[in-house]
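This is what each chain is made of:
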Amino acid sequence: MEATVVKTGTEGKTWGGGQNPPLKASYGKLMMWFFILSDALTFSGFLAAYGFSRYKFIDSWPVADEVFNHFPFLHGVDAPMYYVALMTFILIFSSVTMVLAVDAGHQMKKSKVVFYMFLTLIGGIIFLGSQAWEWKNFIQGTYGAVETRSGNIIQFLDTDGKRVALSDIALESTQRAVHDRSSGIWYTTDETLSTYTIDDIKSGFAEKENLLVRIQKLDENGHPIVLSREESIAKLNDSGIRVVEGANLYRNEYGHPLFGNFFFFITGFHGFHVFTGVLINLIIFFNILLGTYERRGSYEMVEKVGLYWHFVDLVWVFVFTFFYLV
Amino acid sequence: MAHGATHESSTKRIWYVFTLLSIATIVEVVLGIIKPQFLVETKFLSMKLLNWIFILLTIYKAYYITWAFMHMEGETKGLRRAVVWTAVFLISYLVFILLVEGDYIYEVYKSGFVKYNF
C-alpha cells in the first residue's frame with residue numbers, strides 16, 4: 001500500500017519531467033492533456049463526417065426540434081429541446097462541482113472534496129440515465145412515416161400544418177400476427193412488424209380529406225415542401241412502399257438514415273465517455289474517502305480526472321449544438 | 001503542483017463562469033425554440049445567421065470551459081499552444097474540406113442526370 005501513497009519516485013528524473021520541466025506540469029497532467037487532444041481530434045473527425053453527410057443530404061436531413069420533443073411526464077406535449085437543455089445544464093453543473101472539488105483539493109479540505117466529488121458522480125449518473133431515455137424516445141418514434149421506393153421518407157401533415165401520427169391516418173390495422181415459437185415457427189424469429197401496413201395508410205389517407213404529404217425537398221427559404229392534396233395522394237400511392245416507425249440503423253421516420261447512424265454513434269461514443277468518466281470518478285472518490293491523497297499531500301489526481309470530466313462536458317457542448325440546435 | 005503557489009480559493013470565479021455558460025445555453029435554447037424568421041432566412045457564407053450564432057456561442061462556451069474549468073489560463077504558453085493550436089488548426093482544416101466537399105456532392109445530386117428522388 002505504501003507505493004500508492006508516496007510519490008512516484010521519478011521526481012527530477014526523466015520520467016518525472018527532468019530537472020527543468022519546461023511546461024511546468026507533472027508527467028501525468030501533461031499526458032492527460034495530450035490524451036484529451038487526441039480524443040478531441042477523434043470527436044471532431046466524427047462531427048466533421050456528420051457535417052459532410054448533412055451537407056450532402058441537406059434536403060432530407062431531419063429538423064432537430066421535430067425529433068427531440070419529449071419531456072418526462074408530459075405525454076403528447078410538444079416540448080422541443082427542453083429536455084436536452086436540461087441535460088446540458090446537468091452536465092455543466094457537474095463540471096462546476098468537479099472544479100469546486102479541485103479547488104477544495106488545492107486547499108487540502110478533504111470533506112469538501114468528498115462532497116463535491118459525490119455531487120459530480122450524481123450529475124454524471126443522471127446524465128447517463130437521461131441519454132438512455134433520449135435514445136428510447138428516438139428509437140420509438142412519435143408520428144411514424146412512409147418510405148418511398150428511393151429510400152426517402154414522406155411525412156404526414158394536416159391542412160393546419162400540424163404533424164399527424166399514423167394511428168390517426170389508418171382506419172384499421174390489417175397487420176398480420178407476429179410469428180413466434182408457440183405458433184409453430186421455431187427455427188427463426190420474425191422481423192419487427194409495423195403497427196399498420198402500407199395499404200392501411202394508403203386507404204386511410206385517401207379517406208381523410210384534410211391530410212397532406214410533406215416531402216424531403218426544401219423550398220427557396222429552406223422549409224420542407226408540402227404537396228397539394230392531389231399530389232399527396234399520387235405521391236403516396238405511386239411510391240410509398242413501407243411504413244417506418246421510430247428509428248434503427250437502417251431507416252428512421254425523421255429523415256435520412258445516416259442521421260440515425262450518426263446519432264447513435266456519436267451520442268453513444270460520448271455516452272461511453274461519460275460512463276468511463278463516472279467509473280474513474282468513482283475510483284478517485286473512494287481514494288479520497290480512504291485518505292490516499294491526504295497522505296500523499298496533494299490532490300493532483302482529482303485535478304487530472306477533473307480534466308477528463310471537463311473534456312466530456314466540452315464535447316457535449318459541441319454535440320448539443322450540432323445535433324439539437326443547428 | 002505546477003501553479004500551486006497560490007492556495008486561495010477561486011470559488012467566486014467558478015460561479016461567475018457557470019453564470020456565463022448558463023446564460024449562453026439559455027440564449028441558445030430560446031433562439032432554437034422561437035427561431036426568429038429573420039435569422040433563419042438570412043444567410044452569411046451560405047449558412048443561416050441563426051446557425052452562426054449557435055456556433056459562435058458554442059465556441060464561447062468551449063473557451064470558458066477550457067480556460068476556467070480546465071485551468072488552461074494557468075498553464076505555460078508552451079502547453080497551451082501545444083494543445084489548443086494543434087486542435088484548432090487541424091479541426092478547421094478538416095471541417096473546411098469536408099463541408100465544401102459535401103456541398104459539392106449535393107449540387108451534383110441536385111443538378112446531375114441521375115434521378116435519385118423517385
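This structure is a prediction, so every number in the text was calculated from the model and none was measured.

To continue, consider the pattern of salt bridges. Residue and element names in this part refer to chain B. Considering all chains together, one arrives at 12 salt bridges over all chains under this definition. Residue Arg-13 is joined to Glu-73 by a salt bridge in which the shortest nitrogen-to-oxygen separation is 3.0 Å. A residue pair is termed long-range when its members are at least 10 positions apart, and Arg-13 in helix H1 (residues 11-34) and Glu-73 in the loop between helix H3 (49-69) and helix H4 (77-111) qualify at 60 residues.

All right, on to the packing of aromatic side chains then. Residues and elements named next belong to chain A. Under the defined criterion, the tally for this structure stands at 45 aromatic pairs over all chains. With centroids separated by 5.9 Å and ring planes inclined at 55 degrees, the aromatic side chains of Phe-285 and Phe-286 adopt a geometry described as tilted. Positioned above the aromatic ring of Phe-205 is the side chain of Arg-229, whose terminal nitrogen or guanidinium carbon lies 5.0 Å from the ring centre.

Residue and element names in this part refer to chain A. If you trace the 5 strands from one edge of the open sheet to the other, you get E4-E3-E2-E1-E5, paired in antiparallel fashion. Each edge of the open sheet is held by one strand with a lone partner, namely strand E4 (224-226) and strand E5 (240-244). Sheet twist, expressed as the mean angle between neighbouring strand axes with direction ignored, is 40 degrees. Pairing geometry for strand E1 (residues 145-148) and strand E2 (residues 153-158), over 2 bridges, is antiparallel.

You can see Glu-28 of chain B is positioned in helix H1. Among all residues touching Glu-28 of chain B, those that are not within four sequence positions of it are Phe-320, Thr-321 and Leu-325 of chain A together with Phe-54, Leu-57, Thr-58 and Lys-61 of chain B.

On to the domain arrangement of chain A, then. Residues and elements named next belong to chain A. Taken domain by domain, chain A comprises domain 1 (32-141 + 259-325) and domain 2 (145-176 + 188-245). Domain 1 and domain 2 are separated by 36 Å when their C-alpha centres are compared. Across the contact, 6 residues belong to domain 1 and 7 residues belong to domain 2. Both sides together, the interface formed by domain 1 and domain 2 hides about 530 Å², and carbon and sulfur atoms give 41% of it. The largest per-residue losses of area from domain 1 upon contact with domain 2 belong to Asp-59, Ser-60 and Glu-66, which jointly make up 75% of the total buried on that side. At the junction of domain 1 with domain 2, the criterion picks out 2 salt bridges. The partner of Glu-66 in a salt bridge is Arg-214, with the nearest N and O atoms 2.8 Å apart.

About the criteria used
Residues numbered from 1 in each chain as written. Chains lettered and ligands numbered in written order. Predicted model: local features only at pLDDT ≥ 70, side-chain atom pairs only at ≥ 80, totals over all residues. Heavy atoms only, no water. Salt bridge = Lys/Arg side-chain N within 4 Å of Asp/Glu carboxyl O. Helix = DSSP H or I, 4+ residues; strand = E, 2+ residues; numbered from the N terminus. Phe/Tyr/Trp six-rings, centres within 6.5 Å; stacked < 30°, edge-to-face > 60°. Lys NZ or Arg CZ within 6 Å of the ring centre and 35° of its normal. Pairing = 2+ DSSP bridges. Axes fitted to C-alpha atoms, helices over the stretch in contact; angles between N-to-C directions. Contact = heavy atoms within 4.5 Å. Domains from an automatic or database assignment. Buried area = accessible area lost by both parts, 1.4 Å probe.

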